[in-house]
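# Observations on the model geometry
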Amino acid sequence: MEDTRIHKRSKILHEPYHFNNLKEMVNNSRKLYAQENVFTYITYEQYGKEIDAFGTALINAGLKGKRIAIISENRYEWMLTYLTVVCGVGVVSPLDKSLPEEELITSINRSEAEAIVYSSKYEDIMQKINGNSNNKVKCFISMDKEKSEGN
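Residues numbered from 1 in each chain as written. Predicted model: local features only at pLDDT ≥ 70, side-chain atom pairs only at ≥ 80, totals over all residues. Heavy atoms only, no water.

### Concerning the sheet that holds strand S5 (residues 115–118)
- One open sheet accounts for 4 strands, arranged S4-S3-S5-S6; its pairing is parallel. Strands with a single pairing partner mark the edges of an open sheet, and in this sheet they are strand S4 (91–94) and strand S6 (139–142). Across the sheet, the mean angle from the axis of one strand to that of its neighbour is 20°, orientation sign disregarded.
- Across 4 bridges, the pairing between strand S3 (residues 67–71) and S5 is parallel. (Pairing = 2+ DSSP bridges. Helix = DSSP H or I, 4+ residues; strand = E, 2+ residues; numbered from the N terminus. Axes fitted to C-alpha atoms, helices over the stretch in contact; angles between N-to-C directions.)

### Here's the deal with the nonpolar core
- Within the largest apolar cluster, 21 residues are counted, with the highest numbers of intra-cluster contacts made by Tyr-47, Ile-51, Leu-58, Leu-63, Ile-68, Leu-80 and Val-117.
- Of all the elements, helix H3 (residues 76–89) adds the most residues to this core, at 6 residues.
- In contact with Ile-68, not counting residues within four places along its chain, are Leu-58, Leu-63, Val-85, Val-89, Val-91, Val-92, Ser-93, Ala-115 and Val-117.
- Core analysis: the next-biggest nonpolar cluster, separate from the first, contains 15 residues, Ile-116, Met-126, Ile-129 and Phe-140 among them. (Core = buried A, V, L, I, M, F, W, Y, C linked by side-chain atoms within 4.5 Å. Buried < 20%, exposed > 50% of the residue type's maximum accessible area, 1.4 Å probe, protein only. Contact = heavy atoms within 4.5 Å.)

### Re the packing of aromatic side chains
- If you walk through the whole model with that rule in mind, you get 6 aromatic pairs.
- The interplanar angle of 55° and the centroid separation of 5.6 Å between the aromatic rings of Tyr-47 and Tyr-76 together place this pair among those described as tilted. Here Tyr-47 is found in helix H2 (residues 44–60), whereas its partner Tyr-76 is found in helix H3, with 29 residues between them in sequence.
- For Tyr-47, a relative accessible area of 5% gives the class buried.
- Overall, the relative accessible area of 13% leaves Tyr-76 in the buried class.
- Aromatic side chains Trp-78 and Tyr-82 sit 5.2 Å apart centroid to centroid with 10° between the ring planes, which places their arrangement in the stacked category. In this pair, Trp-78 and Tyr-82 both sit in helix H3, 4 residues apart, roughly one turn of the helix.
- The exposure class of Tyr-82 is partly exposed, given its relative accessible area of 23%.
- Ring pairing ties together the aromatic residues Phe-39, Tyr-41, Tyr-47 and Tyr-76, which thus form one cluster. (Phe/Tyr/Trp six-rings, centres within 6.5 Å; stacked < 30°, edge-to-face > 60°.)

### Some details on the pairing of S3
- The element S3 is largely enclosed, with a buried count of 4 among its 5 residues.
- Alignment of S3 against S4, held across 4 bridges, turns out to be parallel. Each bridged residue has a counterpart across the sheet, and for Ile-68 the counterpart in S4 is Val-92.

Take a look at the structure:
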């Protein structure tokens with residue numbers, strides 16, 4: 001005898017939201033859940049403002065429509081950078097944090113990224129990339145420094 005419980009559908013608790021792109025998802029979540037926490041310590045409204053502010057800073061740095069690479073361990077700044085870039089700044093190139101150094105450098109060269117956002121764990125590699133003319137990176141943005149420097 002079949003177990004009929006397997007074939008029963010769950011009751012829908014609420015209708016799902018449909019989005020056309022990530023920017024629409026972020027903006028709708030910001031409106032719907034403005035005062036709710038998206039992360040442990042930040043609300044959707046605050047997160048949306050940070051995405052807007054970082055996007056404005058990247059655009060003011062001349063990165064509108066450009067390729068921007070990201071490398072770091074899992075952290076808030078990675079997600080902030082990713083959503084900022086895909087929500088209208090440019091093209092994001094997330095880099096695999098487990099790649100050996102030479103493969104990471106090759107990936108950056110192939111991505112044709114003009115900027116890279118990175119955590120301090122990758123500071124030594126960024127120095128090598130900065131001194132290498134085989135890439136297009138003009139702007140290095142540290143997640144851990146107060147002020148980052150460009151070339």
